[in-house]
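# Examining the three-dimensional arrangement
Chain residues, written in single-letter form:
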Amino acid sequence: MGIKEALEAAYDASMHAYAPYSKYHVGAAVLLDDGSIIVGSNFENASYGLSLCAEAVAIASANSESRLHNIIAITIAGGKPDNDGRAMLTEIPCTPCGRCRQIIKEVSDVMDKDIAIYCLHQSGYRRYRLSEILPDAFGPNNVA
Ligand code: THU
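Every value quoted in this text rests on a predicted model; they were computed, and no experiment measured them. (Residues numbered from 1 in each chain as written. Predicted model: local features only at pLDDT ≥ 70, side-chain atom pairs only at ≥ 80, totals over all residues. Heavy atoms only, no water.)

### Quick look at the overall build of the protein chain
Using the following cut-off: Counting from the N terminus, the helices are DSSP H or I runs at least four residues long and the strands are E runs at least two residues long. Only C-alpha atoms enter the radius of gyration, while the globule expectation follows 2.2 Å times N to the 0.38, with N the number of residues.
When helices and strands are tallied, the protein chain shows five helices and five strands. Helices and strands in the protein chain line up, N terminus first, as α-β-β-α-β-α-β-β-α-α. Relative to a compact globule of 144 residues, whose C-alpha radius of gyration would be 15 Å, the protein chain shows 14 Å and is just as compact. Viewed in the frame of its principal axes, the protein chain has a C-alpha envelope of about 45 × 35 × 30 Å.

As structure tokens, then:
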């Protein structure tokens, strides 16, 4: 499996978002170096600030399987849900929030790689490198 499957997996994972407050569904998938995929969806809370983003859930799940070191790319799909709960994509892709960029920074540094981030939109995807969307980032080296 590759990026195409990881993009589809993120889109499908948006169906499982628990987002009764924002009503904005996000699915994320991490693609591992052996081609396997681990997904996450946003998981909100009545105490709004406690909500978890899809990317954080996917990355923490990968860590729970001892696969943090194997992540090569992250895919994201977000939007208002359709009747099945999948994100309705627009021309503007859902890009990772600031907190998730910092979480991806941790993965990037663990991997010693500038992780690629693929964000789905209506007519395709946009591909970013973490360093592009979180320049001059604070990270593990600062506290070493
Ligand atoms: N959200 C994500 O899951 N990932 C992002 O990168 C952007 C925002 C979630 C958080 C919240 O549950 C909802 O989308 C609306 O902000």
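### With respect to the site of the ligand
What counts here: Nearness here has a simple test: a residue counts as near a molecule or strand if at least one of its heavy atoms is within 4 Å of that partner. Under the rule applied, a polar contact is a pair of N or O atoms within 3.5 Å (in protein, one hydrogen donor and one hydrogen acceptor; residues adjacent in sequence only if both atoms are side-chain atoms). Computed by Shrake-Rupley with a 1.4 Å probe, the accessible areas treat only the displayed protein chains as cover when residues are assessed. Whether a set of points on the 1 Å grid over the protein atoms alone is a cavity depends on a 1.4 Å probe fitting there but being unable to get out, while an open set qualifies as a pocket with protein on both sides within 12 Å along at least five of seven lines; lining residues are those with an atom within 4 Å of a point. If over half the atoms of a molecule are within 2 Å of the grid points of a cavity or pocket, the molecule is regarded as sitting in it. In this count, Pro and Cys sit with the nonpolar residues alongside Ala, Val, Leu, Ile, Met, Phe, Trp and Tyr, while Asp, Glu, Lys and Arg are called charged and the others, Gly among them, polar.
Close to the ligand lie Ser 22, Tyr 24, Val 26, Asn 42, Glu 44, Cys 53, Ala 54, Glu 55, Thr 95, Pro 96 and Cys 97, which account for all nearby residues. Contact between the ligand and Glu 44: an oxygen atom at 2.5 Å from a side-chain N or O atom of the residue. One of the backbone nitrogen or oxygen atoms of Thr 95 is found 3.4 Å away from an oxygen atom of the ligand. When the ligand sits alone it has 370 Å² of accessible area, and the protein chains cover 79% of it. When atoms are counted within 2 Å of each cavity's grid points, the one that captures over half of the ligand is the largest pocket. Its residues assigned to classes, the shell around the ligand comprises six nonpolar, three polar and two charged.

### Details of the packing of aromatic side chains
Note the following rule: Here a Phe, Tyr or Trp ring, Trp counted by its six-membered ring, pairs with any other such ring whose centre lies within 6.5 Å, and the pair is stacked when the planes are under 30 degrees apart, edge-to-face when over 60, and tilted otherwise. The buried label goes to any residue with under 20% of its type's maximum accessible area, the exposed label to any with over 50%, and the partly exposed label to all in between, with areas taken from a 1.4 Å probe on protein chains only.
Within the structure shown, the criterion is met by three aromatic pairs. Each ring, one from Tyr 18 and one from Phe 43, has its centre 5.7 Å from the other, and the planes form 50°; the classification is tilted. Pair noted here: Tyr 18 is in the loop between α1 (3–13) and β1 (25–32) and Phe 43 is in the loop between β2 (37–41) and α2 (54–64), with a separation of 25 residues, a long-range link. By relative accessible area, Tyr 18 is classed as partly exposed at 40%. Residue Phe 43 is classed as partly exposed on the basis of its relative accessible area of 47%.

### Structural notes on the environment of Gly 78
Note the threshold: The contact criterion used is simple: two residues touch if any of their non-hydrogen atoms lie within 4.5 Å.
Mapped onto the secondary structure, Gly 78 falls in strand β3 (residues 71–79). When neighbours within four sequence positions are excluded, Gly 78 is seen to be in contact with Tyr 24, His 25, Val 26, Ala 87, Met 88, Leu 89 and Cys 94.

### As for the side chain of Asn 42
Examined against the element boundaries, Asn 42 turns out to sit in the loop between β2 and α2. A distance of 2.9 Å separates the side chain of Asn 42 from the backbone oxygen of Tyr 24, its partner in a polar contact. There is a polar contact of 3.0 Å between the side chain of Asn 42 and the backbone nitrogen of Val 26. Excluding residues within four positions of it along the chain, Asn 42 makes contact with Ala 17, Tyr 18, Ala 19, Tyr 24, His 25, Val 26, Leu 52, Cys 53 and Ala 54.

### As for unusual backbone geometry
Backbone geometry places Ser 66, a non-glycine residue, at a positive phi of 60°. Tracing the backbone shows Ser 66 in the loop between α2 and β3. For Ser 66, a relative accessible area of 62% corresponds to the exposed category. Look at Asp 112: it is not a glycine, yet its phi comes out positive at around 55°. Topologically, Asp 112 is positioned in the loop between α3 (98–111) and β4 (116–121).

Everything listed here is a matter of geometry and, on its own, says nothing about what the molecule does.
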